[in-house]
Amino acid sequence: MNATMPDLPRWLQAGGWGLLSGSALLIGAALGYGADIPRRVVAGVMAFGSGVLISALSFELMDEAYKTGGLAATAFGFLAGAILYTGADRLLARYGHRDHDGGGAIALGALLDGIPESIVIGLSLLKGGIVSSVTVAAIFLSNLPEGLSSAAGMKAAGHSPRSIFGIWGGIALSSGLAAIAGYSLFRTAAPETVAATTAVAAGAILAMLVDTMIPEAFDDAHEYAGLITVLGFLTAFALSKAG
C-alpha cells in the first residue's frame, strides 16, 4: 500500500509523512502524562511496543538495508547504532540524567532510531514519488508506546510538563526534518550509505529494547510480558505483509 500527498512538492510530502509518524510520540506522551494509567497497563503497552519494534527493525529496517547495500554496510550501521545508543545512555547515567523509570533512556532511543527511520521515509519517495503507507503505519504504531511509557516514567521521576513535551515535540519535529533530509540529501548517496543509515535505527532500537523497555515491561507485567510482546510482533508483521 502506497500513499501520496497530491499537489505538494515531494520534499514537503516527505516532511509531512515524517512529521505524521513522529506525531505518535506526542500522542503517546500526552496519554502517558495526562491519563492515570496503572503501571501494569503501561508495562503491557511497553511489551506490545517491544514486539512491534522487533518486527520493524527486522523486516522494515534490517532486511531493507541488506537489500539496498549488502551485508557489510548493514552490519556496520547496525553495530554503530547500538554503540551510539549505549554510549549516549551511559553518559546520561553517569551525569545523573537517566531517571529511574528509564523515560529518558527511551526518549534517547526514540531520537536515535526516529531520525534514521524518517530518513527511510524520505528515501522511499525517491522510488516513484510515493511513500509506503505500511512503513509509515509501522513507525507510527511503534512510536505510540515509546512516547507513552517514557512520559509516564518521566512524570513519575518528577519532570515538568514543559520538559516532557518539549523533549517529545523536539523529537517529533526532528522526524519531519529528517524525512526532508532523506529525500533531499540522500538522493545521490551511495547504496551502502543508505543501508548503513537505515541499519543505525535498527541497532539503536534493539539496544534500547534490551536495556530498557523489555526489562521494565517484565518488572510489572512478567506473567504476560512474553505473550503481549509476541502479539505486538505479530501485529507489525501482519501489517508489513499487508503491503
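Since the model is a prediction, treat every value here as computed from it, not as a measurement.

This paragraph deals with the packing of helix H2 (residues 39–94) against helix H7 (residues 225–242). For any two helices packed against each other, one specifies the crossing angle of their axes together with the interaxial distance. One can describe the packing of H2 onto H7 by two numbers: an axis separation of 7 Å at closest approach and a directional angle of 40°. Considering the angle they form, H2 stands oblique to H7. The interaxial crossing formed by H2 with H7 has right-handed handedness. Counted together, Gly44, Ala47, Phe48, Ser50, Gly51, Val52, Ile54, Ser55, Phe59 and Glu60 of H2 and Ala225, Ile228, Thr229, Leu231, Gly232, Phe233, Thr235, Ala236, Phe237 and Ser240 of H7 form the full contact between these two elements. Its residues placed into classes, the contact of H2 with H7 shows eleven nonpolar, eight polar and one charged.

As for its placement among the helices and strands, Lys241 is situated in helix H7. On the basis of relative accessibility, which here comes to 56%, the residue Lys241 falls in the exposed class.

Looking now at the environment of Gly70. Secondary-structure assignment places Gly70 in helix H2. On the accessibility criterion, Gly70 (22% relative accessible area) is partly exposed. Through-space distance from the C-alpha of Gly70 to that of Pro191 is 8.5 Å; in sequence the pair is 121 residues apart.

Using the criterion set out here, one finds two salt bridges in the structure. Between Lys67 and Asp63 there is a salt bridge, with the nearest N and O atoms lying 3.2 Å from each other. You can see Lys67 and its partner Asp63 sitting in helix H2, four residues apart, about one turn around the helix. Taking the relative accessible area as the measure of exposure, Asp63 reaches 32% and is therefore partly exposed. Between Arg90 and Asp211 there is a salt bridge whose closest N-O contact spans 3.8 Å. Taken as a pair, Arg90 in helix H2 and Asp211 in helix H6 (residues 191–221) lie far apart in primary sequence, 121 residues in all.

Across the interface, H2 lies against H6 with an axial gap of 4 Å and an inter-helix angle of 155°. Regarding the angle of H2 to H6, the classification is roughly antiparallel. Crossing geometry of H2 relative to H6 is assigned as left-handed. Of the residues that constitute the contact of H2 with H6, the class distribution is 33 nonpolar, eleven polar and eight charged.

In this section: helix H1 (residues 10–34). Here H1 spans 36 Å end to end across 25 residues, near enough to the 36 Å set by a 1.5 Å rise per residue. Of all the bends in H1, the greatest measures close to 25° and is centred on Ser21. All of the buried residues along H1 are Gln13, Ala14, Gly15, Trp17, Gly18, Ser21, Gly22, Ala24, Leu25, Gly28, Ala29 and Gly32.

What follows covers the UniProt feature "transmembrane region" (unreviewed entry) in the chain. Per the UniProt record, the feature "transmembrane region" (unreviewed entry) sits at residues 14–34, 41–59, 71–88, 125–144, 164–186, 193–210 and 222–240. Its end C-alpha atoms 30 Å apart, residues 14–34 is made of 100% helix and 0% strand. The span residues 222–240 shows a helical share of 84% and a strand share of 0%, and its end C-alpha atoms are spaced 28 Å apart.

Taken together, the side chains of Leu8, Trp11 and Leu12 define a hydrophobic patch exposed on the protein surface, amounting to about 270 Å² of accessible area. Summarising the element assignment, Leu12 is placed in helix H1.

What counts and how
Residues numbered from 1 in each chain as written. Predicted model: local features only at pLDDT ≥ 70, side-chain atom pairs only at ≥ 80, totals over all residues. Heavy atoms only, no water. Axes fitted to C-alpha atoms, helices over the stretch in contact; angles between N-to-C directions. Helix = DSSP H or I, 4+ residues; strand = E, 2+ residues; numbered from the N terminus. Parallel < 35°, antiparallel > 145°, perpendicular 65-115°, else oblique. Left-handed = near helix turned anticlockwise from the far one by under 90°. Contact = heavy atoms within 4.5 Å. Nonpolar A, V, L, I, M, F, W, Y, C, P; charged D, E, K, R; others polar. Buried < 20%, exposed > 50% of the residue type's maximum accessible area, 1.4 Å probe, protein only. Salt bridge = Lys/Arg side-chain N within 4 Å of Asp/Glu carboxyl O. Expected span 1.5 Å × (residues − 1). Bend = angle between axes of the 7 residues up to and from the residue. UniProt positions renumbered as here; feature names shortened; annotations may be inferred. Patch = residues over 30% accessible without salt bridge, like charges linked within 9 Å, V, L, I, M, F, W, Y side chains within 5 Å. Areas by Shrake-Rupley, 256 points an atom, 1.4 Å probe, with all protein chains shown as cover.

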